Amino acid sequence: MNTETKHLSSDARVVVAMAAFLAIAFETFLYVSYERVSDINRAWQSQQEINAQKATALADLHRHMGYNGIIHNFKNYILRQDRKYLERAEKNILASMVNLEQLDQLQSTEAELHATLIIRNIINEYRSRLGDAEIAIANGLTVREVDELVQIDDSLSSEVLANLAKMALQEGRDALEETDKAINGTLQILLGGLMGLPIIMLAAFMLIRLIYRINDMRGQIADQSAKLELTLTNISQGISMVDGDFNLIFMNDRFYELLDVKNKTFRQEYP
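Residues numbered from 1 in each chain as written. Predicted model: local features only at pLDDT ≥ 70, side-chain atom pairs only at ≥ 80, totals over all residues. Heavy atoms only, no water.

### Points about the pattern of salt bridges
Inclusion rule: Think of a salt bridge as a Lys or Arg side-chain nitrogen and an Asp or Glu carboxyl oxygen that are within 4 Å of each other. Runs of E in the DSSP output that reach at least two residues are strands. Runs of H or I that reach at least four are helices, and both are numbered from the N terminus. Categorising residues by exposure relies on relative accessible area from a 1.4 Å probe, with only protein chains included: less than 20% of the type maximum marks a residue as buried, more than 50% marks it as exposed, and the intermediate range marks it as partly exposed.
Tallied over the full model, the rule gives nine salt bridges. The residue lysine 54 makes a salt bridge to glutamate 171 at a minimum N-O spacing of 2.6 Å. Taken together, the positions of lysine 54 in helix H1 (residues 2–65) and glutamate 171 in helix H6 (residues 155–234) put the pair 117 residues apart, joining distant regions of the chain. For lysine 54, a relative accessible area of 3% puts it in the buried group. Among the residues examined, glutamate 171 registers a relative accessible area of 15% and is labelled buried. For arginine 63, the salt bridge is made with aspartate 60, and the minimal N-O distance between the two is 3.2 Å. In this pair, arginine 63 and aspartate 60 both sit in helix H1, three residues apart, roughly one turn of the helix. In this structure aspartate 60 comes out as partly exposed when scored by relative accessible area, which is 22%. Each member of the salt-bridge network shares a partner with another, and the members are Lys54, Glu112 and Glu171.

Now the structure itself:
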């Protein structure tokens with residue numbers, strides 16, 4: 001009887017361990033899914049921040065190079081020979097260089113880095129020609145002579161700036177597409193997990209029922225053992241039990257009385 005009770009207790013521990021394993025597995029699935037979604041969100045936010053910074057730097061670069069920027073003030077200085085336009089052009093050049101440094105830190109492709117290098121070379125050329133224009137004006141050259149001396153083909157700068165804007169836009173689209181793919185993959189994983197959830201819940205429910213059943217059986221066996229022990233102890237007949245090798249393993253008090261056993265050592269050895 002005692003051996004069977006211990007066996008059931010061991011089974012109960014196995015069932016509890018299985019239930020705990022299922023619970024841990026499900027919690028792990030939820031944690032991994034949450035971390036995956038969090039990684040996607042962090043990557044998306046990081047990319048959005050980069051895109052916003054890049055868009056701001058590009059807009060500022062357009063402003064510093066376009067109307068009322070380097071090109072505009074450069075032309076005005078040559079035509080009007082007013083130093084205020086020279087000062088404005090120099091400020092635009094410095095600001096443009098800052099914007100280019102910002103873009104270089106944010107660029108991720110060789111094409112973008114090559115584009116910023118072209119723009120930097122054009123800006124440096126404007127800086128050099130401003131110095132030439134200042135010297136020419138100081139030497140009394142006419143507007144036409146100065147203009148012919150410092151002419152710059154700036155069509156390339158406009159083209160490169162437009163290409164940079166297109167590349168930034170495409171990069172944003174690519175990031176959005178990658179995010180969509182990651183989200184769809186995560187949704188599929190979550191859907192698969194949710195479809196498996198009823199099976200896990202059913203298995204957990206069956207395990208819980210089995211645990212209760214085992215506990216009930218243990219209680220019934222314990223009650224039966226107590227009743228049997230009480231019966232064997234108080235029954236008027238003498239009862240003894242032997243194992244398969246005919247070794248005496250149990251005798252009740254009445255059996256002792258019938259045999260008139262008074263030896264305490266014997267009674268302790270065969271309780």
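After presenting the structure, the write-up continues.
### Some points on unusual backbone geometry
At glutamine 81, a residue that is not glycine, the phi angle is positive and equals roughly 55°. Relative to the helices and strands, glutamine 81 resides in the loop between helix H2 (70–80) and helix H3 (83–106).

### A look at the nonpolar core
Note the following rule: Among the buried residues, those of types Ala, Val, Leu, Ile, Met, Phe, Trp, Tyr and Cys that are joined through side-chain atoms within 4.5 Å form a nonpolar core. Note on contacts: a residue pair is in contact if any heavy atoms of the two residues lie within 4.5 Å.
Formed by 32 residues in total, the largest nonpolar core has its most connected members in Ile119 and Ile123. Contributing elements (two or more residues each) for this core: H1, H2, H3, helix H4 (110–138) and H6. Take this core: its biggest share by element is nine residues, from H4. Those residues within four positions of isoleucine 123 in sequence are excluded, and the remaining contacts are Met65, Ile70, Ile93, Ser96, Met97 and Leu100.

### Some details on the packing of aromatic side chains
To keep things clear, this is the line we draw: Paired rings are identified among Phe, Tyr and Trp, the last through its six-membered ring, by centres lying within 6.5 Å, and are further divided according to the angle between planes into stacked (under 30 degrees), edge-to-face (over 60) and tilted (the rest).
Applying the stated rule across the entire model yields one aromatic pair. Plain terms: the ring middles of phenylalanine 74 and tyrosine 126 are 5.1 Å apart, the flat faces sit at 85° to each other, and that makes the pair edge-to-face. Remark: tyrosine 126 occurs in helix H4 and phenylalanine 74 occurs in helix H2; sequence separation between them is 52 residues. A residue is classified by how much of its surface remains accessible, and phenylalanine 74, at 2% relative accessible area, is buried. Overall, tyrosine 126 belongs to the buried group, its relative accessible area being 2%.

### Considering the environment of isoleucine 189
Secondary-structure assignment places isoleucine 189 in helix H6. The exposure class of isoleucine 189 is partly exposed, given its relative accessible area of 40%. Sequence spacing of isoleucine 189 and phenylalanine 29 is 160 residues, and the spatial spacing of their C-alpha atoms is 9.4 Å. With residues up to four places along the chain from it excluded, the contact list for isoleucine 189 reads Phe29, Ser33 and Arg36.

### Considering the packing of H2 against H3
Test applied: Only the stretch in contact is used when fitting a helix axis, every axis being a line fitted to C-alpha atoms; angles between N-to-C directions are given from 0 to 180 degrees. Between 65 and 115 degrees an angle is taken as roughly perpendicular, under 35 as roughly parallel, over 145 as roughly antiparallel, and anywhere else as oblique. In a left-handed crossing the near helix is turned counterclockwise from the far helix by less than a right angle, and in a right-handed crossing that turn is clockwise. We call Asp, Glu, Lys and Arg charged. Ala, Val, Leu, Ile, Met, Phe, Trp, Tyr, Cys and Pro are nonpolar, and the rest, Gly among them, are polar.
Relative to each other, H2 and H3 sit at 160°, their axes nearing to 8 Å. With respect to H3, the axis of H2 lies roughly antiparallel. The way H2 lies across H3 gives a crossing that is left-handed. The residues of H3 that touch H2, namely those facing Ile70, Asn73, Phe74, Asn76, Tyr77 and Arg80, are Arg83, Tyr85, Leu86, Arg88, Ala89, Asn92, Ile93 and Ser96. Of the residues that constitute the contact of H2 with H3, the class distribution is seven nonpolar, four polar and three charged.

### Regarding a positive patch on the surface
Filter applied, for reference: In this scheme, patches are assembled from residues that exceed 30% relative accessible area and form no salt bridge. Like charges are connected within 9 Å, while nonpolar side chains (Val, Leu, Ile, Met, Phe, Trp, Tyr) are connected within 5 Å. Note on areas: Shrake-Rupley with a 1.4 Å probe; residue coverage comes only from the protein chains shown. Asp and Glu count as negative and Lys and Arg as positive, but His and the ends of the chain are not part of the count. To locate a charge, take NZ of a lysine, CZ of an arginine, CG of an aspartate or CD of a glutamate.
A cluster of basic residues, Arg80, Lys84, Arg88 and Lys91, forms a positive patch at the surface. With three residues, the single largest contributor to the positive patch is H3. By secondary structure assignment, the location of arginine 88 is in helix H3. On the accessibility criterion, arginine 88 (37% relative accessible area) is partly exposed.

### Comments concerning the packing of H3 against H4
Helix-helix packing is described using two parameters, namely the angle between the two axes and the distance between the axes. Between H3 and H4, whose axes approach to 10 Å, the crossing angle comes to 160°. By the criterion of interaxial angle, the relationship of H3 to H4 is roughly antiparallel. When the axes of H3 and H4 are compared, the crossing they make is left-handed. Taken together, the residues of H4 that come into contact with H3 (itself represented by Arg83, Leu86, Ala89, Glu90, Ile93, Leu94, Ser96, Met97, Leu100, Glu101, Leu103 and Asp104) are Leu113, Thr116, Ile119, Arg120, Ile123, Asn124, Tyr126, Arg127, Leu130 and Glu134. Of the residues in the contact of H3 with H4, the class split is 12 nonpolar, three polar and seven charged.

Function-wise, these values are silent; they only describe arrangement.
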